[in-house]
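So the chains spell out like this:
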Protein chains: 2
Amino acid sequence: MRTSIATVSLSGSLTEKLEAVARAGFDGVEIFENDLLGCPLSPDQVRARAEQLGLSIDLYQPFRDFDSTSPDRLRANLRRAEHKFRLMERLGANTLLVCSNVSTDAVIDDDLAAEQLRLLAERAADHGISIAYEALAWGRHVGTYLHAWRIVRAADHPNLGICLDSFHILSRGSDPGGIEAIPGEKIFFLQLADAPLLAMDVLQWSRHYRCFPGQGGFDLTGLLAHVLRTGYAGPLSLEIFNDNFRQADTGRTAVDAMRSLIALEESVAEVLTTGSSLPRPGQPGGFAFAEIATPDPGRLGGLLGALGFARAGQHATKPVELWEQSGARILLNRTVPEAADDGATSLVALGLDSPDPAISAARAKALLSPVLPRHRAPDEAPLDAVAAPDGTELFFCGCAKPLWREDFAPVVPPKDGTGSVRSIDHVVLAHPWDQFDEAALFYRAVLGLRPHESVEVADPYGLLRSRAMTNAAGTLRLVLNMAKVGPRGLPGQHIALADDDIRATARRLRDLPDEVTLPIPDNYYDDLRARFDLGEERHRELRELGLLYDRDERGEFLHLYTVTVGRIFFELVQRVDGYRGFGMANAPARLAAQHAPAPAPVDP
Amino acid sequence: MRTSIATVSLSGSLTEKLEAVARAGFDGVEIFENDLLGCPLSPDQVRARAEQLGLSIDLYQPFRDFDSTSPDRLRANLRRAEHKFRLMERLGANTLLVCSNVSTDAVIDDDLAAEQLRLLAERAADHGISIAYEALAWGRHVGTYLHAWRIVRAADHPNLGICLDSFHILSRGSDPGGIEAIPGEKIFFLQLADAPLLAMDVLQWSRHYRCFPGQGGFDLTGLLAHVLRTGYAGPLSLEIFNDNFRQADTGRTAVDAMRSLIALEESVAEVLTTGSSLPRPGQPGGFAFAEIATPDPGRLGGLLGALGFARAGQHATKPVELWEQSGARILLNRTVPEAADDGATSLVALGLDSPDPAISAARAKALLSPVLPRHRAPDEAPLDAVAAPDGTELFFCGCAKPLWREDFAPVVPPKDGTGSVRSIDHVVLAHPWDQFDEAALFYRAVLGLRPHESVEVADPYGLLRSRAMTNAAGTLRLVLNMAKVGPRGLPGQHIALADDDIRATARRLRDLPDEVTLPIPDNYYDDLRARFDLGEERHRELRELGLLYDRDERGEFLHLYTVTVGRIFFELVQRVDGYRGFGMANAPARLAAQHAPAPAPVDP
């Protein structure tokens, strides 16, 4: 299917937008009028630039408040339309979006509206231009696509059709099933926008909160299936009014947009059983490893040792140590990447257990993930890796034969971890505000993870957002944080380790000479006593061991945090009886504790 | 009246909040539970710290979902309450906020709710604690203050009263007049919050968009008058959930909060005719001058000269030049303030014509404006100055005898401006996101300006907000911009000059060898022709002269912009037939032009 995007969806000047759209692989654009008005290029020059970039100009928009009860106003509107037609000829655009009138003098009479639109279509035809009539959700009289279609059908002119916009249809709760009654050749244009499900004024919702398909709560797959069943053969075009996209990096947003359409095409192909060319590997089942770059492996190794990890291997050719405890593996890489400009210790890579690493990597590549060059020695394991939105490298590792493991020479004599940590329970990744939705779509599309509800967490210095993503089996868990930047920013990223006996671990850590765990304020425990009737002994044990507590409808959750090293810290978690959450209720207390003056550094 | 504020209204740790609240002059605080949980101080230590700072702890909150249909839940809630009572004894807080139940098992039966609340009040009485019951706007069954009052009256216990919250009352459109039927001694607490008038889910509106009185759209003066007529003698307490305040500077927000209460007390005193101690000068009538700090007065003087200004004076003791043209006066100060870290040319001060400068300054000071120290030579004019939120110095100048003018030695021979500029029409000031609402309240309270609607302007790199403020006579106009920061940020501040013959000025500027005016894209003029039927000749003249055009229901507006020097530029405006706007419709085209690659610099 052809792909297109409205220039209003991106940040920047018109030429910056066109270039980013072409680079991301779109076939065409909708030119949003304001973008042209501010552009120093003439319409002819814009047309030439688009052609040079291989982009068609699929739509010019918007033309507002056309159908009017006042003959004077109608005359002025026809005059205004003539100007637009001439402009569109210079642009090489042959479809004009006309949206339903929102003003108080809008035509109430459907027959009159049809007559006026037919008149407009006749004038447009003289210029080889077609009119796509769209019902705005807040149109004065015409607010639904079926109403718009009745008028278009009555007008009955070959140069008049309708424009469908998923936001205007789904935000009003209209049944998109009615689309199938419209002949495909009368659907002149299809605009696709998703949005989070908000209860607010629909105009404000539309103007500020739209997002790319898969980032919100609308069923765009269902809607698109209805449209395609009509035989619609025009472009799938994104028209996204979003305050964040307006100021985000243009190139990134364009790629994010294209990724959303590729994923949507796959899901609609599934519904229509028409087949998709996207590689479909089995879902990754867990974490093979987490890799931390650190200029000071001694310090971090000391912390891992305290948690019960043992140094189990040394990479054959790179300054990378493998630390292991049961199924939890942490790599410490002394090479700090250039991107980490402050040289601080931070998470740089994740190994994912994949049933078919090559197919996983091919899917990620098809979904526009940057493929990472590998500097590999001849006898090392081939690892397929792509960059996640936050720059974390994702390696797809075979589950059956973990080849990468063989690149590490075992320590002699072999050492085993000494604690009760079993595996990596989940990993928390930090994203700036403008990459949060992008990241959710990335993990949903590339890894097939299911996004949970986005939740708010009160940090003493601002509200944060957090969203968990899990695979179908519940064995791979990622949590995406919207990171706070600036002087009061915290790392926002950490590694949570599943511990089969967190009490024993906490006791051991408590008895170490250095402070390894994050001290939790006593007031937390007073409140815990009020919230849950745990019994005095159990409550005292939690307090003494510095364990945090949560509960859901299934079971209990015990957890603790380590001190922070550079930009990373660890969490130990124990899930009892199938608890499924992440202890979010305790996040404010943890964040407050992390903001408190730092304890003495850990000395291994 | 006593003043108080909920800790949730501010950013930071609990101790940072207490200190800022005390510094801003509040009498007390409401402790929001989450702030205590994350605090390393014990409740006793918090109490001691508050006492040390001279703050009472007026309320502990919130206690949620108390009244319940399940006997088990009620028992657990009473147990939970006992914990809170003991905690409050340690804190020295003797009022607990209990809000109406929002859960599905909330009591529907008012008699039962009264019975349970009486039971709670009895338990509270044993600890010397009172219960203030509040109807949340989204309470499951109890959602209005009159409903809460009926239950409290029925419960009839001396330790049970109601808490009124202006947001919960006004957001639901309840008539606050009914408050007067409640005996003042049964109103245990009053929480005041304003909010912009948004059409959205009331819970989200409340949690994210509350603001200080005078910053939103609620009639808090009217509500407070009703409350005071009951004889209520408790504190006026601010409880503001606001995403911006949560991450803004704590001290600034606390001062902003206190300023809002001082202004509110004045306005309610006017309604109740009880008298206010705030100095009330006449409104400033216009701009005496605008002062620009610049390391390069030659360049800026060149630009002013091109606009028809003449250098009319030199300050007796400071490196300051006076440039004048009719009633428009611009000071060029070679001393760049330290705060301007990049040393760039920018607006640093405004002189305001005040009928009584000393009273204007006293009012500003009473409203917590920082009073600026003056370095004045013995024979120089005394100028009263305060700092505006963006750091601009505001000087109050006498209208009748502008003393400051005498500090400038006239240039010999005297020079007059040569153009048609008559006065400063308006000044646009830039504010970061977290000072925008603060600035609106400041100018409203300190100068008595009326805020217009806040409007959105599409910059190619993000949406901006802009809000005009004018005096009653319409002769003093300020426009507050929310400035975009970062690499794509524009100055956001400028000085607009009223020109009686802008066509002549534009013609003169066009013929200068150097580019002085901002070039406007040709596409703007094509669109102008479609939007307005101006006639070919008039349209051609606008295009040739680079003039922008707007129209409102009264008249027309012609304007143009100069190139930018450092962080400032000028606008020339001509208002025809009483046009009252600011040409906002043209702002996107202007912003796009300003983002375009800079023209060659102006050489004077």
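Residues numbered from 1 in each chain as written. Chains lettered and ligands numbered in written order. Predicted model: local features only at pLDDT ≥ 70, side-chain atom pairs only at ≥ 80, totals over all residues. Heavy atoms only, no water.

Looking up chain A in an unreviewed UniProt entry gives the name 3-dehydroshikimate dehydratase, with the organism given as Streptomyces sp. 900116325. Taken verbatim from the UniProt record of chain A, the Catalytic activity (unreviewed entry) comment is "3-dehydroshikimate = 3,4-dihydroxybenzoate + H2O". (UniProt positions renumbered as here; feature names shortened; annotations may be inferred.)

Moving on, we come to the relation of the copies chain B and chain A. Of the two same-sequence chains, chain B is brought onto chain A (RMSD 0.0 Å, axial shift 0.0 Å) by a rotation of 180 degrees. The transformation relating the two chain copies, once decomposed into turn and shift, fits a two-fold axis. When C-alpha positions in chain B are compared against the rotation axis, the closest is assigned to M200 of chain B, at 1.8 Å. A share of 98% of the interface residues of chain B reappears at the interface of chain A, consistent with the copies meeting face to face through the same patch. (Least-squares fit on C-alpha atoms with pLDDT ≥ 70 in both. Contact = heavy atoms within 4.5 Å.)

Moving on, we come to the sheet that holds strand β9 (residues 286–293) of chain A. Backbone hydrogen bonds hold the strands of a sheet together, and the pairing may be parallel or antiparallel. Residues and elements named next belong to chain A. With respect to topology, 8 strands assemble into an open sheet ordered β14-β15-β13-β9-β12-β11-β10-β16, the strand pairing being mixed. Of all the strands in the sheet, just β14 (384–387) and β16 (408–410) have a single pairing partner and so form its edges. Across the sheet, the axes of successive neighbouring strands diverge by a mean angle of 30 degrees, strand direction being ignored. One ladder, built from 4 bridges, connects β14 with strand β15 (residues 393–398); its direction is antiparallel. Note on β15: the bridge partner recorded for A385 is F395. (Pairing = 2+ DSSP bridges. Helix = DSSP H or I, 4+ residues; strand = E, 2+ residues; numbered from the N terminus. Axes fitted to C-alpha atoms, helices over the stretch in contact; angles between N-to-C directions.)

Okay, the interface of chain B and chain A next. Counting residues at the interface gives 46 residues for chain B, matched by 46 residues for chain A. Between chain B and chain A we count 6 salt bridges in total. The partner of R79 of chain B in a salt bridge is D533 of chain A, and the shortest N-O contact between them spans 3.8 Å. Looking at the side of chain B that touches chain A, the elements that each hand over two or more residues are α2 (33–37), α4 (71–91), α8 (202–209), β18 (450–459), β19 (462–470) and α15 (522–531) of chain B. (Salt bridge = Lys/Arg side-chain N within 4 Å of Asp/Glu carboxyl O.)

The next subject is the sheet that holds strand β9 (residues 286–293) of chain B. All names here are of chain B. Strands sit in the order β14-β15-β13-β9-β12-β11-β10-β16 across an open sheet of 8 strands; the sheet is mixed. Both outer strands of the open sheet, β14 (384–387) and β16 (408–410), are each paired with one neighbouring strand and no more. Neighbouring strand axes in the sheet, compared pairwise and without regard to direction, differ in orientation by 30 degrees on average. Summarising the sheet, β9 and strand β13 (residues 346–354) pair through 7 bridges and their orientation is antiparallel. Residue pairing in the sheet places G286 in a bridge with D353 of β13. Across the sheet, helix α12 (residues 357–366) lies against β13, β14 and β15 (393–398), angled at about 150 degrees from β15, the strand it touches most.

Looking now at the environment of D499 of chain B. Residues and elements named next belong to chain B. Relative to the helices and strands, D499 resides in strand β21 (residues 494–499). For D499, a relative accessible area of 1% puts it in the buried group. Contact partners of D499, with chain neighbours within four places excluded, come to S420, V421, T505, L572, V573 and Q574. Looking at D499, its side chain comes within polar contact range of the main-chain nitrogen of D501, at 2.9 Å. (Buried < 20%, exposed > 50% of the residue type's maximum accessible area, 1.4 Å probe, protein only. Polar contact = N/O pair within 3.5 Å; in protein donor to acceptor, adjacent residues only side chain to side chain.)

With that settled, the discussion passes to the pairing of strand β11 (residues 320–325) of chain B. Residues and elements named next belong to chain B. With 6 of its 6 residues buried, β11 lies for the most part within the structure. Judged by which residues are buried, β11 turns out to be covered on both faces: V320, L322 and E324 on one side and E321, W323 and Q325 on the other are all buried. The sheet contact formed by strand β10 (residues 310–315) and β11 spans 4 bridges and is antiparallel. Bridge assignment links G313 to a residue of β11, and that residue is L322. Where β10 folds back onto β11 in an antiparallel hairpin, the turn is made up of 4 residues. Pairing analysis gives 6 bridges linking β11 to strand β12 (residues 328–333), with the strands arranged antiparallel. Note that in β12 the partner of Q325 across the bridge is A328. Hairpin connection, β11 to β12: the antiparallel pair is bridged by 2 residues, and S326 has positive phi, about 50 degrees.

For the rest of this paragraph, the subject is the UniProt feature "binding site: Mg(2+)" (unreviewed entry) in chain A. All names here are of chain A. The positions that UniProt labels "binding site: Mg(2+)" (unreviewed entry) are, in the present scheme, H426, H494 and E571. For the residues just named, distributed over 146 residues, the greatest C-alpha separation is only 9.3 Å, placing them together at one site. Along the polypeptide, H426 turns up in strand β17 (residues 421–431). You can call H426 buried: its relative accessible area is 2%.

With that settled, consider the packing of aromatic side chains. Going through the model one piece at a time under the given rule, you end up with 24 aromatic pairs over all chains. Taken together, a centroid distance of 5.9 Å and an interplanar angle of 75 degrees make the contact between F32 of chain A and F241 of chain A edge-to-face. Taken together, the residues F32 of chain A in strand β2 (residues 28–32) and F241 of chain A in the loop between β8 (236–238) and α10 (250–272) connect sequence positions 209 residues apart. Of the two residues examined, F32 of chain A and F241 of chain A, each falls in the buried class. With centroids separated by 4.9 Å and ring planes inclined at 90 degrees, the aromatic side chains of Y524 of chain B and Y525 of chain B adopt a geometry described as edge-to-face. The pair Y524 of chain B / Y525 of chain B is uniform in exposure class, with both members buried. Cluster of aromatic residues (ring-pair linked, three or more members): F167, W205 and F218 of chain A. Directly above the aromatic system of Y561 of chain A lies the positively charged group of R590 of chain A, at a separation of 5.0 Å from the ring centroid. Over the aromatic face of F582 of chain B sits the side chain of R575 of chain B, whose NZ or CZ is 5.4 Å from the ring centroid. (Phe/Tyr/Trp six-rings, centres within 6.5 Å; stacked < 30°, edge-to-face > 60°. Lys NZ or Arg CZ within 6 Å of the ring centre and 35° of its normal.)

Okay, the state of the cysteines next. In the structure shown here, the tally under the stated rule is 0 disulfides over all chains. Lacking any disulfide linkage, C163 of chain A is separated from the closest cysteine sulfur, that of C99 of chain A, by 9.0 Å. (Disulfide = S-S within 2.5 Å.)

Let us look at the domain arrangement of chain A. Residues and elements named next belong to chain A. Segmentation of chain A into domains returns domain 1 (3–272) and domain 2 (286–595). Facing the 17 residues of domain 1 at the interface are 16 residues of domain 2. Carbon and sulfur atoms supply 53% of the area buried between domain 1 and domain 2, which totals about 1500 Å² over both sides. Contact with domain 2 buries surface across domain 1, with Q215, R252 and R259 losing the most and accounting together for 44% of the total. Counting across the domain 1 and domain 2 interface gives 2 salt bridges. Taken together, the links from domain 1 to domain 2 amount to 7 residue pairs in polar contact (both at pLDDT 80 or more). Split by residue class, the side of domain 1 that touches domain 2 holds 7 nonpolar, 6 polar and 4 charged. (Domains from an automatic or database assignment. Buried area = accessible area lost by both parts, 1.4 Å probe. Nonpolar A, V, L, I, M, F, W, Y, C, P; charged D, E, K, R; others polar.)

We now examine α15 of chain B. Among all positions in α15 of chain B, only N523, Y524, Y525, D527, L528 and A530 of chain B are buried. Buried residues along α15 of chain B sit against α2 (33–37), α3 (43–52) and α4 (71–91) of chain A together with α16 (536–545), β22 (548–551) and α17 (587–595) of chain B.

Between side chains of opposite charge, a pair can form as their charged atoms come close. Tallied over the entire structure, the rule returns 63 salt bridges over all chains. R280 of chain A is the partner of E270 of chain A in a salt bridge, and the nearest nitrogen-oxygen pair spans 3.3 Å. Pair noted here: E270 of chain A is in helix α10 and R280 of chain A is in the loop between α10 and β9, with a separation of 10 residues, a long-range link. Take R280 of chain A: its relative accessible area is 55%, and that puts it in the exposed class. The partner of R90 of chain B in a salt bridge is D526 of chain A, and the shortest N-O contact between them spans 3.8 Å. Separated into two different chains, R90 of chain B in helix α4 and D526 of chain A in helix α15 (residues 522–531) make up a pair that spans both. Here D526 of chain A falls in the partly exposed class, since its relative accessible area comes to 22%. The network of salt bridges with common partners includes D44 and R90 of chain A together with D522, D526 and R543 of chain B.

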